[in-house]
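Close look at the chain arrangement
Chain by chain, the residues run as shown.
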Amino acid sequence: MLNFEFQNPTKIIFGKNQISKLSSEIPDGAKVLMVYGGGSIKRNGIYEQVMAALKEYKVTEFGGVSANPEYEVLLKALKIIKDDEVDFILAVGGGSVIDGVKFLSGAATYAGDEPWDLLAKGIRTYKGLPFGTVLTLPATGSEMNSGAVITRAETKEKRVMGGPGLFPQFSMLDPQVIQSIPKRQIANGLVDSFSHVIEQYMTYPVAARLQDRIAESVMQTLIETAPKIMKDPGNYEAASDFMWSCTMALNGLLRVGTPNDWSTHMIAHELTALYGIDHARTLAIIHPSHLRFNLEDKMEKLAQYGERVWGIIEGSIEEKAKKAIEKTEEYFHSLEIDTRLSDYTNDYEGTAKIIKQRFEERGWQELGERQSITPEVVEKIVEMSY
Ligand code: NZQ
Ligand code: ZN
C-alpha cells in the first residue's frame, strides 16, 4: 500500500425525510443563497421541503444552473453573493448544481480578478464560503468530495477545480428523491459511479487489499441494483443502495494508498465540451477503448476485477482481462447507453486531433498511473472510440 493522508469532513445525513433537519445544520441567522437547477425541484416536492425547513432564514433563490454548469450563469450568482453579503450557500440538485456551488464557494473567497483562473490555473481553494447540499440525483459523488467541474460555453471548455476548502459541510441524502428522476439520468448515475471506481481501481496491484475489496463491493452493488432501480425508481431499498454506492464511489476512500488513473474522465470531459454529450455517456464511450489500449498495463487488475466482480473463472489472465472489458461494455449497453462516439454525433472526424492539441496546450503529457498517457496516446484512444 502507498503512503496516504485522508480527511473528509462532510457530514452525511441519510434517509427518509431528513431534509426537514436542514435548520439544525445551517448557522442561526445566516443569509442563505439557495441554488438549484432547471426546475425539477419545483415539480417533485423537494423545493417545498427545503423552503419549509429554511423558514427561519433570510433566503435568496438562484435557479437556472444547467447540466454541466456554465461559468457565465454562475457569475450572476457570484454577484448576488457579494452584493447581498450571503454567508451560506445551499445547493439543491445533482452534481451540476453542487459543482456550481463549489465554484461559488471558491470564487467568493478568491482575491484575484478573474475567477476562471481557479480552473484554468488550477488554483486550489483552502477556505471557501461555507455550503451544504441536498442531493437530488446520485451519480457524481460531489456531495462528499472537494472537486468540481465547470463548463465555459464561450470557449467550449470543461475544466476541473478543487481544494480542501470545497468539501460540503453537510449533505442530505434522501433516497426518496430518486422517484422523480428520468430513466436516462438514473442510467447516467449507474455508469458515472461505476466509472469512478474504475478510475481508482484499474491500475496495477499495490497490495491494498481492503481498498480493492471495497471498490469491488461498490461495483457489485451497482450491478446488482441497476435492474431494480431502472425498473422502479420508487423502490426504496434499491434507491438507498444506489445512492450510497454513488457517494462511496467518489468520497476519497477508494483512492487512498493506491495509484489512480483519471485520464478517461479528462478525455471524456472534452467530448461533453465539444458535443454536449452527457458526462456518463462520454465515459462509456472512452472506457472500452482506453482499457483495450492499455490492456498490458492494467491486465492484472482487469483479470482480478473479471474474477471477483463478474465471476470469470475460465482462461488465462489475458483472456480474463479481455472478457472483463467486454462485460463492462455489456453493463453500459444493458442500461441503454451506447459506447461509440459515432452513436452520438456524425461530426466525429477530427475529434481525436482536437483533444490531443488541447492536452498538449495544457501540458498534460503524463497522465495515467504510469504517466504513459501522452497526448499521442489520447489521440489513439479517441480514434478507437469512433
Ligand atoms: O436541472 P434540473 O431541472 O434540476 O434537472 C436535472 C438535470 O436536468 C435532473 N434532475 C436532478 N435531480 C432530479 C432531476 N430530475 C428529476 N428528479 C430529480 N430528483 O437531472 C439532470 C442532470 O443533472 P446533473 O446535476 O447535471 O447530473 P449529474 O449529477 O450527473 O452531474 C453531472 C455533472 O457533474 C460533473 C459532470 O462533469 C457534470 O458536469 N461531475 C462532477 C464530479 C465531482 N464534482 O466530483 C465528478 C464527476 O466525474 C463529474 O465529472
Ligand atoms: Zn464522473
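For the structure itself, look to the data block above.
These remarks concern the structure in this document.

Criteria and thresholds
- Residues numbered from 1 in each chain as written.
- Chains lettered and ligands numbered in written order.
- Predicted model: local features only at pLDDT ≥ 70, side-chain atom pairs only at ≥ 80, totals over all residues.
- Heavy atoms only, no water.
- Helix = DSSP H or I, 4+ residues; strand = E, 2+ residues; numbered from the N terminus.
- Buried < 20%, exposed > 50% of the residue type's maximum accessible area, 1.4 Å probe, protein only.
- Polar contact = N/O pair within 3.5 Å; in protein donor to acceptor, adjacent residues only side chain to side chain.
- Contact = heavy atoms within 4.5 Å.
- Near = heavy atom within 4 Å.
- Areas by Shrake-Rupley, 256 points an atom, 1.4 Å probe, with all protein chains shown as cover.
- Nonpolar A, V, L, I, M, F, W, Y, C, P; charged D, E, K, R; others polar.
- Domains from an automatic or database assignment.
- Donors = N, O, S within 2.8 Å, 3.2 Å for Na, K, Ca; no water.

The next point concerns the side chain of Asn251. Here Asn251 lies in the loop between helix H8 (236–249) and helix H9 (263–275). Here Asn251 falls in the buried class, since its relative accessible area comes to 6%. Only 3.2 Å separates the side chain of Asn251 from the backbone nitrogen of Leu253, close enough to count as a polar contact. In contact with Asn251, other than residues within four places in its own chain, are Phe6, Asn8 and Met144.

Near ligand 1, the surroundings consist of 33 residues, among which Gly38, Ser40, Gly95, Ser96 and Lys158 are the closest. Gly147 has a polar backbone atom sitting 3.0 Å from a nitrogen atom of ligand 1. Side-chain polar atom of His196 to an oxygen atom of ligand 1: 2.8 Å apart, as the coordinates give it. Protein chains shield 88% of the accessible area of ligand 1, which is 960 Å² for the free molecule. Mapped onto the shell around ligand 1, the elements with two or more residues apiece are helix H4 (95–108), strand S6 (147–152), helix H6 (183–201) and H9. Grouping the constituent residues of the shell around ligand 1 by class yields 10 nonpolar, 20 polar and 3 charged. Split by domain, the residues of the shell around ligand 1 number at least three in each of domain 1 (11–176) and domain 2 (183–384).

Protein coordination of the zinc ion (ligand 2) is provided by Asp192 (OD), His196 (NE2), His265 (NE2) and His279 (NE2), with donor distances spanning 2.0 to 2.2 Å. Each donor residue of the zinc ion (ligand 2) lies on the same chain, and together they follow the pattern D-x3-H-x68-H-x13-H. Of this pair, His196 sits in helix H6 while His279 sits in helix H10 (residues 279–293); the two residues are 83 residues apart in sequence, bridging distant segments of the chain. As far as burial versus exposure is concerned, His196 and His279 are alike and both buried.

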